[in-house]
Amino acid sequence: MVKLSEILSGPSSYGTGKYCCYDNQYRPTFHGTEQRYVSPTTGRCRPLEIQAVHPRSRDDGITENPVGGNTPKARKLAFWLVLNRPRRVNEIPLWLMNWAWFTLALIWPLSVPKYTGIYPAYLSRYYGQLWAARSPREYSLRKAKLGAEPVDEITHSTYPRRLVIYDPESKSWHVSSDSDNIKQQKYVSISYRYSDIVPQGTDDKDHPALKAKFITKVETIMASLNQSAYWIDLTLVDKEEGQPPEEVDKDLFRMADVYRSAEFTLIMLCPPDGVTEESAWLTYGQRLWTFPEALLSRELRFKFRDGKVTPITLHQLGNRAYPGFAEESAIINAYGLRDPLERLARLSLLKSALWRRTSSTLEELEKQGAQPHFRAERVYALMGFFEHRIHPHFEETELQALVRLSMANDNDRIVERMVSLLPPRIRETACWYAEEDEWGAKLWDIEPEIQVVGMTESEAIILGGCRAAAIRWRDFPSVAFATRRSYKRLIANYLPNLFWELLLIGSAMEAIYSKLPNHNDQGAWVAIVFAILLMLLAPTLIVYGTSGRIVNAQPWLIGVKGLISAEQASTLTYGGAIFALPRMFYSASGTHLSQTGTGQFRIGDPAQYDALRSTYNPGDREDDDLYTLVDTISATVYYFRAAHPPTVCLYTGRESGMGRFVLCSEKCTANELHKETVIRMPWYISQSMRASDWVALG
């Protein structure tokens, strides 16, 4: 027996299959592996059907249908009748049949499009728990797992957590954790390259002896410089000696303060025999931590093998360790106060420079098959340059740490800006991550319109403040539109709808008058003749009435697999026109397939369609990812490539006067969206998009 709750709110679940997703009422839908989308009318997950210029059968569950339109039948027939007037006798029957069907379509318009002023909305949202949250009020799986933060709540410290100090009484060096003693010490920080001390391939049993030999050398140098304390991560942050990861977390959190507070940083170059000083500097510059160590130090000195301790400036170090790297040179000039750089630009260059470097310690541990702790070491090296730091954790991934660092430093909004970038290759997971942009934009060129509110355990980010619209793929809808105001067109549109009424009135009058003696049926025949004239002129009147420059249209984003021209898109959308053309334009700079005209006006060059069509092969797998997107507000046609048909458009930011719109496919079982491409469209169309709830981009 059907329950009353199911009658009122629908069944508790839908469909069959082993894969499951949920709607906004947390009701499950079971289905297969096919690509699906959330219906903008029902909010339920449905299998995707797309219109294609050359439809074919597919193995992934997507149905391809021929391209079709839903403009009113009377309007389509009117244009056909006007443009295909019979010129030969054998064409007359077909024309008369369409004309008869046209007159019937005028009696009962099957579909009347509505104008709402907004795009079809994306009705889904992220309903899972957050792994890491921006707000402390939100439940976080990370905090639930770790409990209280293991690191002291110190944003910036003026002294190290531990230090190696010389004891005059025992005439020996010892590691001190006494904060009162450490605060009184002036110390030197030691920078080195791990593979210079423990060469790759060295047997594990020889590691302690090699490290002890190097430490003895460091302590001898400290004594010769009259220094009574030093800091070196080989002793104090040694991940290889089995130190508890929580202790390493604390040291990584305060690493930047160690170098800022040191009297100077001593760079120890101890390459194998036969390696020149020039080569030693180059290999030193490839290490991950050497870059922040040099930039954060107040003074630098170096020692090559058994040579003298020699002062070196930051620019001299850059010329030796980082020659030929434009980003490193720009950063060094900025920190040397020669060339000013905006904060975000400096941090972006720092990230790029650090991401090119590796950690020799981690490389050695990976070769030994050790557990990959501290996978986010590059992020921890970067965070020393940020105002607010994050608490490290030895198990988190690099992208998880990067998102947490970005959320902690909201003014920079690094991750929010990454979302709007189009990388050369979009990742299968964590698709939001981008180090460069295909249009050449930098992070600081993007003005984000979204906020990252958290992250999932699968490295997807949760976005708040998005404006989103659903993309229609099934066919071209019936689009409500308005042309330039004209009484002539208003009358021309209205008159054809009167001919059936006049014909019926005239016929009724003639039937009534024929039964009356001495009747005068002239009025009835006038109505009948006028109705017949309207029937003959109706196609021309409708064509004239619906032509003209379009000044407003119902917002729609319409997708087509393959290539259609702007003229074809106009006909499918509005039913055609005989003047005030064109009604659709090509994109000038929206995608990489766009071409800008070189004439007086900034418009898209129609040659882009011809260029793509000349090389387009529907049967070729390389052209199977070519799509057309039609936007009715800006009246623009965009061509783009994507691995899957995108069903959702997110407005995420602005750049160079254009909006950045991320086109996404839906992974309903994971409750995530996946970035397929990024298109530059006029930012004002975002005002016709509804604000959406939280969405996950992964």
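Values in this document were obtained by computation on a predicted structure and should not be read as measured data.

*Asks:* Requested: an account of the nonpolar core, with residues and values cited.
*Replies:* Membership of the largest hydrophobic core comes to 103 residues, with the highest contact counts inside it found for Ile190 and Trp432. Per-element tally for this core: the top contributor is helix α18 (residues 398-408), with 6 residues. When residues no more than four places from it in sequence are discounted, the contact partners of Trp432 are Leu399, Val403, Val415, Met418, Val419, Met455, Glu459, Ala460, Ile461, Lys675 and Leu697.

*Asks:* Just give me the short version of the side chain of Asp631, but keep the residues and values in it.
*Replies:* With respect to the helices and strands, Asp631 occurs in strand β23 (residues 626-631). Arg602 provides the closest opposite charge to the buried, salt-bridge-free Asp631, at an N-O distance of 12 Å. Excluding anything up to four places from it in sequence, Asp631 contacts Tyr119, Trp556, Leu557, Met584, Thr636, Tyr638 and Ile685.

*Asks:* Could you give me a rundown of the packing of helix α11 (residues 277-284) against helix α13 (residues 314-321), with the residues and numbers involved?
*Replies:* In a pair of packed helices, the angle between the axes and the distance between the axes together describe the arrangement. The geometry of α11 relative to α13 is characterised by a closest axis approach of 8 Å and an angle of 95° between their N-to-C directions. Classified by the angle between their axes, α11 and α13 sit roughly perpendicular to one another. Side by side, α11 and α13 meet where Glu277, Trp281, Leu282 and Tyr284 of the first sit next to Leu317, Arg320 and Ala321 of the second. Here the contact of α11 with α13 is composed, by residue class, of 5 nonpolar, no polar and 2 charged.

*Asks:* Account for the pairing of strand β24 (residues 636-641), with residues named and values stated.
*Replies:* Counting buried residues in β24 gives 5 out of 6 residues, a clear majority hidden from the surface. Two elements, strand β22 (residues 585-586) and β24, share 2 bridges in a ladder whose sense is parallel. Bridge pairing in β24 places Phe585 opposite Thr636. As defined by bridge partners, β23 adjoins β24 across 6 bridges and the pair is classed as antiparallel. Note that in β24 the partner of Asp631 across the bridge is Thr636. Adjacent in sequence and paired antiparallel, β23 and β24 are bridged by 4 residues, among which Ala635 carries a positive phi angle near 55°.

*Asks:* Residues and numbers for the sheet that holds strand β13 (residues 300-304), please.
*Replies:* Overall, mixed pairing links the 7 strands, which are arranged β9-β8-β11-β10-β12-β13-β14 in an open sheet. In this open sheet, the two edge strands, each paired with only one partner strand, are β9 (172-176) and β14 (310-311). Relative to strand β11 (residues 229-231), strand β8 (residues 163-167) runs antiparallel, the two being bridged by 2 bridges. What sits directly across from Ile165, in β11, is Ala229. Here helix α7 (residues 207-224) sits on the sheet and contacts β8, β9, β10 (188-191), β11, β12 (264-269) and β13; the angle it forms with β12, its principal contact strand, is near 135°.

*Asks:* Please provide a residue-by-residue account of the packing of helix α2 (residues 73-83) against helix α3 (residues 92-107), values included.
*Replies:* For the pair α2 and α3, interaxial distance at closest approach is 9 Å and the crossing angle is 150°. As summarised for this structure, α2 and α3 are arranged roughly antiparallel, according to the angle between their axes. When you trace α2 past α3, the crossing you get is left-handed. Contacts between α2 and α3 pair Lys73, Ala74, Leu77, Ala78, Trp80 and Leu81 from the former with Leu94, Trp95, Asn98, Trp99, Trp101, Phe102, Ala105 and Leu106 from the latter.

*Asks:* Give me the lowdown on the pattern of salt bridges, citing residues and values where you can.
*Replies:* Following the criterion strictly, the structure yields 22 salt bridges and no others. With a closest N to O distance of 3.1 Å, Asp437 and Arg660 form a salt bridge. Taken together, the residues span a long stretch of sequence, with Asp437 in the loop between α19 (414-419) and β15 (447-448) and Arg660 in strand β26 (residues 658-667) at a distance of 223 residues. Among the residues examined, Arg660 registers a relative accessible area of 0% and is labelled buried.

*Asks:* Got a sec to walk through empty space enclosed by the protein? Specific residues and values, please.
*Replies:* Considering all chains together, one arrives at 7 cavities of 30 Å³ or more under this definition. What the second largest cavity holds in volume is close to 170 Å³. Contributing to the lining of the second largest cavity are 21 residues, with Val38, Tyr122, Ser124, Cys668 and Asn671 lying nearest its centre. Secondary structure elements with two or more residues in the lining of the second largest cavity: β1 (19-22), β26, β27 (672-681) and β29 (695-697).

*Asks:* I'd like to hear about the packing of aromatic side chains, residue by residue, with values.
*Replies:* Throughout the structure, instances matching the rule amount to 15 aromatic pairs. The interplanar angle of 90° and the centroid separation of 5.8 Å between the aromatic rings of Trp281 and Tyr284 together place this pair among those described as edge-to-face. Linking Trp281 with Tyr284, this pair stays in helix α11, spanning 3 residues, or about one helical turn. Comparing Trp281 with Tyr284, the two get one shared label, buried. For the ring pair Tyr627 and Phe640, a centre distance of 5.7 Å and an interplane angle of 25° mean the geometry is stacked. With Tyr627 in strand β23 and Phe640 in strand β24, this residue pair connects regions lying 13 residues apart in the sequence.

Analysis parameters
- Residues numbered from 1 in each chain as written.
- Predicted model: local features only at pLDDT ≥ 70, side-chain atom pairs only at ≥ 80, totals over all residues.
- Heavy atoms only, no water.
- Core = buried A, V, L, I, M, F, W, Y, C linked by side-chain atoms within 4.5 Å.
- Buried < 20%, exposed > 50% of the residue type's maximum accessible area, 1.4 Å probe, protein only.
- Helix = DSSP H or I, 4+ residues; strand = E, 2+ residues; numbered from the N terminus.
- Contact = heavy atoms within 4.5 Å.
- Lys, Arg positive; Asp, Glu negative; His and termini not counted.
- Salt bridge = Lys/Arg side-chain N within 4 Å of Asp/Glu carboxyl O.
- Axes fitted to C-alpha atoms, helices over the stretch in contact; angles between N-to-C directions.
- Parallel < 35°, antiparallel > 145°, perpendicular 65-115°, else oblique.
- Nonpolar A, V, L, I, M, F, W, Y, C, P; charged D, E, K, R; others polar.
- Pairing = 2+ DSSP bridges.
- Left-handed = near helix turned anticlockwise from the far one by under 90°.
- 1 Å grid on protein atoms, 1.4 Å probe; cavity = no way out; pocket = protein on both sides within 12 Å on 5 of 7 lines; lining within 4 Å.
- Points joined across faces, edges and corners; volume = space filled by probe spheres on them.
- Phe/Tyr/Trp six-rings, centres within 6.5 Å; stacked < 30°, edge-to-face > 60°.

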